[in-house]
Amino acid sequence: MNADLVVVGSGFFGLTVARRCAEDLGLKVLVIDRRDHIGGNAYSEAEPETGIEVHRYGAHLFHTSNERVWQHVNRFTKFTPYVHRVFSTYSGGVYSMPVNLHTINQYFGKALGPDAARALVAEQAGEIDTAAADNFEDKAISLIGRPLYEAFFKGYTAKQWQTDPRNLPGATVTRLPVRYSYDNRYFNDTYEGLPVDGYTAWLERLADHENIEVRLGTDFFDASQEVSKGNVTGNVPVVYTGPVDTYFGDAEGQLSWRTLDFEQEVLPVGDFQGAPVMNYADEDVPYTRIHEFRHFHPERDYPKDKTVIMREFSRFAVAGDEPYYPVNTPEDRQKLLAYRDLASREQGVLFGGRLGTYKYLDMHMAIGAALSMVDNKLVPHFKDGAALV
Ligand code: FDA
């Protein structure tokens, strides 16, 4: 094996590390991924019948306020001026999300200004003291009042967690965004947009460097292949972005995750829902939301008589499922501390990315964390001989 560094995982974290090490440090980097495609969960592909770009692992919207990350990503892709907006269907009506002045006025059938709306929500939220609220439902009511909670969060949360919100810890909700204006942008970040040529083209450009080799269909734990844990660790420095519990053979127990099931369909209509994302807040609708991918790229010349939709269903992950969102129970946090301790003692291996740190990371956070890992760990190691832990 002719590599100075092995990177396990070709998601944004792994490829960002690989690119900087190849470019700035002149290292030969071998990136492996057990999947048959590059890019981790941000991977996207053209749906074959329509050519419409679909995000295989759930809709991905890029946004950031991190100037360094924005400069970095713009080296590899241009962005469209797309601005994300979300709607929610509840009890036969359609409302704007996150809850804003339009949502409030529409829901209560009023025409309140910002101060009056704030006073109304405060009065309704006064029913429960936030400090005393120890479950999700009470905490949410103490923040936004019962009517808005019951309409927009109760059913949706129950479907997301397959659990009555009264049985979810209050700590699950720290704040519920309410805007007392008609601003209905979903994200608050300075920069936002979608990659002009799609996510996969962006990720491929990131990997496109003479010092980077990407081997797909290669599992780090498959002892029969050259770049396996047994063959590599201790011999070549490793940046590992797979699940931290798997790395240690689940020695401290498995960390729990939520997963998503997607039901994709091509429909013989030019436009199904008139928006990229529609949430379904009613508990009796089994899915949490529907994505309609054509709306992510209104600038593209997509067919006018067909569209692609994807219904999203949420549940707890079992063995073999894709891990998507950390559940983060108190038991998970205990296990994570134990894994962090093991990881800190694993010489020559750095753990990163959403799976390696058991953290939900948006793309810009994964990229930012990868840039920091290069600055703080890999540059000192390869330039000054500092230990790699
Ligand atoms: P990522 O999971 O992408 O990559 C890890 C890679 O490691 C995978 O390719 C995997 O196959 C590989 N791997 C694991 N074990 C291995 C092994 N044993 N051997 C070899 N390879 C192995 N963010 C955002 O900014 N906007 C958004 O709209 C969304 N939307 C979104 C929706 C959903 C449903 C999810 C779950 C996540 C998002 N995200 C998001 C977050 C985004 O997906 C996330 O930031 C990136 O995937 C993080 O990149 P990583 O490289 O950390 O992990």
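Residues numbered from 1 in each chain as written. Predicted model: local features only at pLDDT ≥ 70, side-chain atom pairs only at ≥ 80, totals over all residues. Heavy atoms only, no water.

(A) Representation of the overall build of the protein chain in the model. If you tally the helices and strands in the protein chain, you get 12 helices and 16 strands. Scaling as 2.2 N^0.38, a compact globule of 389 residues should have a C-alpha radius of gyration of about 21 Å, and the protein chain matches this with 23 Å. Dimensions of the protein chain along its principal axes, counting C-alpha atoms only, are 70 × 50 × 35 Å. Put simply, the protein chain has 389 residues, and 53% of those count as buried. Excluding contacts between residues fewer than 6 apart, the proportion of contacts in the protein chain whose partners are at least 24 apart in sequence is 71%. Total accessible area on the protein chain stands at roughly 17,300 Å², and carbon and sulfur atoms take up 48% of it. The distance from the centre of the 39 positive side-chain charges to the centre of the 54 negative ones in the protein chain is 3 Å. (Helix = DSSP H or I, 4+ residues; strand = E, 2+ residues; numbered from the N terminus. Rg over C-alpha atoms; globule rule 2.2 N^0.38 Å. Buried < 20%, exposed > 50% of the residue type's maximum accessible area, 1.4 Å probe, protein only. Contact = heavy atoms within 4.5 Å. Areas by Shrake-Rupley, 256 points an atom, 1.4 Å probe, with all protein chains shown as cover. Lys, Arg positive; Asp, Glu negative; His and termini not counted. Charge placed at Lys NZ, Arg CZ, Asp CG, Glu CD.)

(B) Up close: the sheet that holds strand β9 (residues 212–215). Spatial strand order, β9-β2-β1-β10-β16: 5 strands in an open sheet with parallel pairing. Single-partner strands in this sheet number two, and they are β9 and β16 (349–351). Shown here is a sheet whose adjacent strand axes are inclined to one another by a mean of 20°, direction ignored. With 3 bridges joining them, strand β1 (residues 5–8) and strand β10 (residues 238–240) adopt parallel strand pairing. Bridged to Val 6 within β10 is Val 238. (Pairing = 2+ DSSP bridges. Axes fitted to C-alpha atoms, helices over the stretch in contact; angles between N-to-C directions.)

(C) Inspection of the pairing of strand β2 (residues 29–32) at higher detail. Neither face of β2 is open: one carries Val 29 and Val 31, the other Leu 30 and Ile 32, and all of them are buried. Relative to β2, β1 runs parallel, the two sharing 4 bridges. What sits directly across from Leu 5, in β2, is Val 29. When β2 meets β9, the two strands line up parallel, connected through 4 bridges. Counterpart to Ile 32 in the pairing with β9 is Arg 215.

(D) The sheet that holds strand β13 (residues 289–292), seen in detail. Taking strand neighbours across the sheet as the criterion, the 7 strands line up as β7-β6-β12-β13-β14-β11-β15 in an open arrangement whose pairing is mixed. At either margin of the open sheet sits one strand with a lone partner, and together these are β7 (93–97) and β15 (325–326). As paired elements, strand β11 (residues 257–267) and strand β14 (residues 307–316) share 10 bridges and run antiparallel to each other. Opposite Glu 265, over in β14, you have Ile 309 as the bridge partner. The strands touched by helix α3 (residues 101–108) within the sheet are β6 (86–90) and β7, with β7 carrying the most contacts at an inclination of about 155°. In the packing of helix α6 (residues 146–161) onto the sheet, contacts are made with β6, β7, β11, β12 (277–280), β13, β14 and β15, and the angle to β6 comes to roughly 95°.

(E) Structural context of the nonpolar core. With 102 residues, the main nonpolar core has Val 17, Phe 62 and Leu 378 as its most contacted residues. If you look at the next biggest cluster of nonpolar residues, it comprises 7 residues, including Met 278, Val 285, Ile 290 and Ile 309. (Core = buried A, V, L, I, M, F, W, Y, C linked by side-chain atoms within 4.5 Å.)

(F) Focus on the site of the ligand. Around the ligand sit 33 residues, and of these Asp 33, His 60, Leu 61, Leu 361 and Met 363 come closest. If you list the elements that add at least two residues to the shell around the ligand, you get α1 (12–24), α11 (353–357) and α12 (363–384). With 3 residues, the single largest contributor to the shell around the ligand is α11. When grouped by side-chain class, the residues that make up the shell around the ligand number 18 nonpolar, 9 polar and 6 charged. (Near = heavy atom within 4 Å. Nonpolar A, V, L, I, M, F, W, Y, C, P; charged D, E, K, R; others polar.)

(G) The packing of aromatic side chains, seen in detail. Evaluation of the coordinates by the stated rule reveals 33 aromatic pairs. Judged by centre distance (5.1 Å) and plane angle (80°), the rings of Tyr 107 and Phe 108 are edge-to-face. Over the aromatic face of Trp 161 sits the side chain of Arg 258, whose NZ or CZ is 4.4 Å from the ring centroid. Note that Arg 311 overlies the ring of Tyr 287, its terminal NZ or CZ placed 5.9 Å from the centroid. (Phe/Tyr/Trp six-rings, centres within 6.5 Å; stacked < 30°, edge-to-face > 60°. Lys NZ or Arg CZ within 6 Å of the ring centre and 35° of its normal.)

(H) The pattern of salt bridges, seen in detail. What the rule picks out here adds up to 25 salt bridges. Put simply, Asp 197 and Arg 205 hold a salt bridge, and the shortest N to O gap is 2.6 Å. Between Glu 312 and Arg 289 there is a salt bridge whose closest N-O contact spans 2.9 Å. Of this pair, Glu 312 sits in strand β14 while Arg 289 sits in strand β13, and the two are 23 residues apart along the sequence. (Salt bridge = Lys/Arg side-chain N within 4 Å of Asp/Glu carboxyl O.)

(I) Region of the structure containing the environment of Val 178. Examined against the element boundaries, Val 178 turns out to sit in the loop between α6 and β8 (191–193). In sequence terms Val 178 and Leu 143 are 35 residues apart; their C-alpha atoms lie 9.5 Å from each other. Excluding its chain neighbours within four sequence positions, the residues that come into contact with Val 178 are Val 99, Ile 104 and Ile 144.

By themselves, these are just geometric observations and shouldn't be taken as functional.
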